[in-house]
Amino acid sequence: DIRIIAANGKFFDEISQQERYDAVRHYPRLQLESPINPRVAIPKKSSKRVRFGMHSLPAPGKWNEQFPELIHRVNKKHGNRVLWDFMGMPRKVRAKFRCSNVAFRQEYSTPVADFLAGIDVFVFFLSWKREEPWARSAGEALMSGCPVITTAKGGNKNQVIHGNTG
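Residues numbered from 1 in each chain as written. Predicted model: local features only at pLDDT ≥ 70, side-chain atom pairs only at ≥ 80, totals over all residues. Heavy atoms only, no water.

*Asks:* Explain the packing of aromatic side chains to me, please; I cannot follow it from the model alone.
*Replies:* The description of two aromatic rings rests on the distance between their centres and on the angle between their planes. Going through the model one piece at a time under the given rule, you end up with eleven aromatic pairs. Centroid distance Trp63 to Phe86: 6.0 Å. Interplanar angle 80°. Geometry classified as edge-to-face. A residue pair is termed long-range when its members are at least 10 positions apart, and Trp63 in the loop between β3 (50-55) and α2 (67-78) and Phe86 in strand β4 (residues 82-87) qualify at 23 residues. In this structure an aromatic cluster arises from ring pairing among Phe52, Trp63, Phe67, Trp84, Phe86, Phe97, Phe104, Phe125 and Trp128. (Phe/Tyr/Trp six-rings, centres within 6.5 Å; stacked < 30°, edge-to-face > 60°. Helix = DSSP H or I, 4+ residues; strand = E, 2+ residues; numbered from the N terminus.)

*Asks:* Help me out: how do you make sense of the environment of Trp63 in this one?
*Replies:* Classification of Trp63 as buried rests on a relative accessible area of 3%. On a C-alpha basis, the gap between Trp63 and Ser100 in space is 20 Å, while along the polypeptide they are 37 residues apart. A distance of 3.5 Å separates a polar side-chain atom of Trp63 from the backbone oxygen of Gly88. (Buried < 20%, exposed > 50% of the residue type's maximum accessible area, 1.4 Å probe, protein only. Polar contact = N/O pair within 3.5 Å; in protein donor to acceptor, adjacent residues only side chain to side chain.)

*Asks:* Quick question: what am I supposed to make of the sheet that holds β4 here?
*Replies:* Pairing between the strands of a sheet is mediated by backbone hydrogen bonds and can be parallel or antiparallel. Taken together, the five strands give an open sheet; going across it, the order is β5-β4-β3-β6-β7, and neighbouring strands pair in parallel fashion. The strands lining the two open edges of the sheet, one partner per strand, are β5 (102-105) and β7 (148-150). Strand-to-strand twist of the sheet, defined as the mean angle between neighbouring strand axes without regard to direction, takes the value 20°. Relative to strand β6 (residues 121-124), β3 runs parallel, the two being bridged by two bridges. Bridge pairing links Phe52 to Val121 in β6. Across the face of the sheet, α2 comes into contact with β3, β4, β5 and β6 while running at roughly 160° to β4. Helix α5 (residues 136-143) rests against β3, β6 and β7 of the sheet, and its axis sits at about 170° to β6. (Pairing = 2+ DSSP bridges. Axes fitted to C-alpha atoms, helices over the stretch in contact; angles between N-to-C directions. Contact = heavy atoms within 4.5 Å.)

Below, the structure written as structure tokens:
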């Protein structure tokens, strides 16, 4: 009794398309749907500014090297109407920032629920080469009531639905 469970559409489709799966593609398969109900929200701490943030481990590929450019562009357009809060960003990426509206925290220095209560929008901006099958931190953000901005790679496009949850 073998079944294949794919975490996203990309991996589901690869089973039919790639030669390396010839021996197993005849098994029944299904794609997991996101169990996240984006209407469930934790109370947010109030702020007069829009707060963007992300939390993840400081692992290679988890943090896009273009984060400073993204923040510079948003800051140029919206000034001090926005705040940025990051938990777990690696020093290599952090060192490129020269903005007063950006806060950095060590990974796990704040409980995730408390961190997410202090942001309004979760920016899941991974390295362009990284393809998360189903990202836990994006799921946590959705469960907290944060819309998620992310890349359309890997499982992100199945987990975060444009115009609905991100």
